[in-house]
Amino acid sequence: MSEGLSFTSPQEAWEEGFTRPLLRWYDASARDLPWRREPEPYRVWVSEIMLQQTRVEAVLPYFERFMRRLPTLEALAEASLDDLYKLWEGLGYYSRVRNMQKAAGILIEQYGGCFPRSVRELSALPGIGEYTAGAILSIAFQLPVPAVDGNVMRVLSRAACSKLDITLPATRRILTEIAERILPSTRPGDFNQSLMDLGSGVCRPKSPLCPSCPVREACSGYAAGEAENLPCRPPKKERRSEKRTVLLVLSPKGVLLHRRPDRGLLAGMWEYPGLDGWFSPPQIRALFPTADSISQLAQARHIFTHVEWHMQGYLIRTASFDTPENCIWAGEEESCALPSAFKTYTALLDKLRSSQAEII
Ligand code: SF4
């Protein structure tokens, strides 16, 4: 068995205990993914943005559909916002696709529709950080640039049995230096992808599969029995809890939708109009004195990264066509992508529309 790795281990020890076995494992078991078959920069970029916060299996159908509808930077730059949201519906974090469209515009205007080949230029584009820049440069252009994300930081922290707080910028710098040092200049794209695969499939956040890991013999975290306790991070802050009232306002013209502000949570997305806090049925009646009927709906909850919504819904039927500011009436045939935060109410609305029956 080789000696366990640390941040100060010589280059050869990392190569022998980590880089080579990892690449051998990748050669034998790499997943066959559409962006790997044709690693063009546009495809690599789209896949990497989709893979943020989402598992590979879930991304595959979205990726194929996106590529069919928007196969080029030009198609992406020209797509309507509603089309983009539709293609992204279910992936969440819609700012990702808005940023992609902005970046596509810049790439066309400033770079003649080509991807620049430097981390500095790529990471200056909206939505592209150093990790995504590294992934594009190494996978699409075979440039020796590391791609260090949370998965990779976890793997390297465990391999070196590091007790450094992974949330600190200084730790990130150290781990990026290690990733640079162990990156083979001959196969940088494969190496970065092998690290990604190892992090997502073997060296998982919880319950790492150490006995079947290709680098276990050199892994200091495994040898010390510390794999599951690493990487170190400070205790999590409590998520903020917010109460909201969600209004499904129905008229013969359709359901009332409100466009959220361009900044902040769910920026620019359509939503059912809402109120801060929970309103009682008499309070809702006071707000809609001419409504034909008002029904209280089920409560629902949605968890975002930093905030948790506790929602109380109401179904309001009205014959009034008044259209408040930033609102539209959406008929059944109109397709406005609504965030999954509202899925309970969207499902109720679909049920109501299909059965034409009372919801409650
Ligand atoms: Fe991760 Fe375990 Fe492999 Fe170490 S041996 S890299 S802790 S899966």
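The following paragraphs examine the structure supplied in this document. This one's a predicted model, so the numbers in the text were calculated from it and none came from an experiment.

### Some words on the overall build of the protein
Consideration 1: Along the protein, the regular secondary structure elements total 15 helices and 7 strands.
Consideration 2: Each principal axis of the C-alpha atoms in the protein carries an extent, and together these give about 80 × 50 × 35 Å.
Consideration 3: Buried positions account for 48% of the 360 residues belonging to the protein.
Consideration 4: Sequence separation of 24 or more characterises 68% of the internal contacts of the protein that already satisfy a separation of 6 or more.
Consideration 5: Accessible surface for the protein amounts to roughly 18100 Å². Of this, 51% is attributable to carbon and sulfur atoms.
Consideration 6: Here the protein holds 43 positive side-chain charges and 42 negative ones, and the gap between their average locations is 4 Å.

### Here's the deal with the pattern of salt bridges
Consideration 1: According to the stated counting rule, one finds 15 salt bridges in the structure shown.
Consideration 2: Notably, a salt bridge pairs R187 with D27, separated by 2.6 Å at the nearest N-O pair. With R187 in the loop between helix 11 (169-182) and helix 12 (188-202) and D27 in helix 1 (residues 11-29), the pair connects residues that are 160 residues apart, well separated along the chain.
Consideration 3: For R187, a relative accessible area of 23% corresponds to the partly exposed category.
Consideration 4: Salt bridges here are not isolated pairs; linked through shared partners, they connect R31, R36, R55, E57 and D197.

### Focus on the nonpolar core
Consideration 1: Core analysis: the largest hydrophobic core is formed by 70 residues, its most contacted members being Y42, W45, F66 and Y272.
Consideration 2: Those residues in contact with Y272, other than ones at most four positions away along the chain, are V246, L247, L248, V255, L256, L257, L338, F342, Y345, T346 and L349.
Consideration 3: Counting residues in each nonpolar core, the second largest holds 26 residues, with V152, A179, C203 and V215 among its members.

What counts and how
Residues numbered from 1 in each chain as written. Predicted model: local features only at pLDDT ≥ 70, side-chain atom pairs only at ≥ 80, totals over all residues. Heavy atoms only, no water. Helix = DSSP H or I, 4+ residues; strand = E, 2+ residues; numbered from the N terminus. Buried < 20%, exposed > 50% of the residue type's maximum accessible area, 1.4 Å probe, protein only. Contact = heavy atoms within 4.5 Å. Areas by Shrake-Rupley, 256 points an atom, 1.4 Å probe, with all protein chains shown as cover. Lys, Arg positive; Asp, Glu negative; His and termini not counted. Charge placed at Lys NZ, Arg CZ, Asp CG, Glu CD. Salt bridge = Lys/Arg side-chain N within 4 Å of Asp/Glu carboxyl O. Core = buried A, V, L, I, M, F, W, Y, C linked by side-chain atoms within 4.5 Å.

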